[in-house]
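Here are the chains, one letter per residue:
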Amino acid sequence: MFSRRLLDTLSRARSVVAFTGAGISAESGVPTFRGSGGIWKKYRPEELANLDAFLRNPELVWEWYRARRQVMSGIAPNAGHLALAAMERCFERFAVITQNIDNLHRRAGSRTIYELHGNIERNYCIGCRAQYVSEVLPGTEGAPRCPACNGLIRPDVVWFGELLPSDEWDASLSAAEGSDVFLSIGTSAVVYPAASLPRAARRSGAYVVEINIEPTDLSDQADEVILGRSGEVLPELLERITTIQKGTPA
Ligand code: OAD
C-alpha cells in the first residue's frame, strides 16, 4: 500500500503535517459536505453558513448548529484520529491542520492542531467578543444572547465570505511550507484558501501524499495517492513508521 519512496522519506522526515477534512470523521459518523449523503446536498450553505443568514434568522442557524453539536457529542474519534495523535510522538515536528469543526482531533489526543474553520465547541458574542464554550451557553432554544452585553452569540466557526483566523492560517502555512511530508487526508481539496496548503507544501519541496476513498482535484498534483479509508490506512501507516523507527526493516 505504501511506496518505498514514502517509507524512505518518512524515515528521514523531521517535520510532518496531516491536513484533514470531513472524510477523516466520516467513519465516526459525521456526514461529509460533498458527495453522496453530503450536508450541502440537503442544505444550502447560503441559508445557514453565512453572517447575513445568521442576522436574518439567528434562531434557524442556531437550530442547525445545535443539531450538529448533538450529532457530534454522540460520536467518538476513530482509528484515523487516534493514529494521527500517536504519530505526533514519532517526529520532531508534527502538526494537524484541520478544516473540521468537530473537535475530534483534540479528543483523540493530538496536541498541535490548527483549526482553520473554527470549532463547534466554541462561541463568541458578536457585540463584545466574549467567548463562551458550548456547555455554558445560556438557554437551550432560540438564539442565545450574551449575559454581559445582550449581543447575539454565534458559533466560532468560519462561514462563507469570512476570513480564516489569521494566527491559525499563518501557523498552518508555515507548517505546510516547512514540512518534509504532507498528508492530505479525507478532503475534496476544493475549498480555498485551505486547499492551497498541499499545493504550497509541494512547491516548497514536501512529499505530498493524498489519502482518500476516491481521487480528488489534488490527486494529479500529489506525489502519491493512497485510495482507502483513513481509519484503515492511517493505523497501517503508523505501524510502518513505528517499525522503521525501531530500526527493523519496514
Ligand atoms: P468534503 O465533503 O468536500 O470532502 C470529503 C472528502 O472525504 C471527499 O473527498 C471524500 O471522498 C473523502 N472521504 C469520505 N470518507 C472517507 C474516508 N473514510 N476516508 C478517507 N476519505 C474519505 O469535505 P472537506 O474537504 O472537509 O467549510 O470540505 C471542506 C470545507 O467545505 C469544509 O471545512 C466546510 C465545507 O464547506 C466550511 O464550513 C467553511
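This section reports on the structure supplied with the text. (Residues numbered from 1 in each chain as written. Predicted model: local features only at pLDDT ≥ 70, side-chain atom pairs only at ≥ 80, totals over all residues. Heavy atoms only, no water.)

## So, the side chain of S134
Along the chain, S134 turns up in the loop between β5 (131-133) and β6 (153-157). Among the polar contacts listed, one links the side chain of S134 to the backbone oxygen of I120, at a separation of 3.0 Å. At 3.0 Å, the side chain of S134 forms a polar contact with the side chain of N123. (Helix = DSSP H or I, 4+ residues; strand = E, 2+ residues; numbered from the N terminus. Polar contact = N/O pair within 3.5 Å; in protein donor to acceptor, adjacent residues only side chain to side chain.)

## Thoughts on helix α7 (residues 79-87)
Of all nine residues in α7, seven are buried; the element is thus mostly enclosed. Every buried residue of α7 is accounted for by G80, H81, A83, L84, A85, A86 and M87. The secondary structure elements touched by the buried residues of α7 are β1 (15-20), α2 (22-26), β2 (93-98), α8 (104-108), β7 (181-185) and α11 (230-246). Its side-chain oxygen placed 2.7 Å from the backbone nitrogen of G80, N78 serves as the N-cap of α7. (Buried < 20%, exposed > 50% of the residue type's maximum accessible area, 1.4 Å probe, protein only. Contact = heavy atoms within 4.5 Å.)

## As for a nonpolar patch on the surface
A cluster of nonpolar side chains, L51, L55 and I126, forms an exposed patch at the surface whose accessible area comes to about 230 Å². Summarising the element assignment, I126 is placed in the loop between β4 (118-125) and β5. Here I126 falls in the partly exposed class, since its relative accessible area comes to 33%. (Patch = residues over 30% accessible without salt bridge, like charges linked within 9 Å, V, L, I, M, F, W, Y side chains within 5 Å. Areas by Shrake-Rupley, 256 points an atom, 1.4 Å probe, with all protein chains shown as cover. Salt bridge = Lys/Arg side-chain N within 4 Å of Asp/Glu carboxyl O.)

## A few points about the pattern of salt bridges
With the rule as written, the count across this model stands at 10 salt bridges. For R14, the salt bridge goes to E92, with nearest N and O atoms at 3.1 Å. Of the two residues, R14 is situated in the loop between α1 (4-12) and β1 and E92 in the loop between α7 and β2; the sequence distance between them amounts to 78 residues. When the shortest N-O distance is used, the salt bridge between D223 and R202 registers 2.9 Å.

## Examining the packing of aromatic side chains
Tallying each qualifying case throughout the model produces five aromatic pairs. Seen in terms of ring centroids, F91 and F94 are 6.3 Å apart; in terms of plane orientation they differ by 20 degrees. Their pairing is stacked. Comparing F91 with F94, the two get one shared label, buried. Three or more aromatic residues joined by ring pairs make a cluster, and in this case those are F54, W64, Y65 and W159. (Phe/Tyr/Trp six-rings, centres within 6.5 Å; stacked < 30°, edge-to-face > 60°.)

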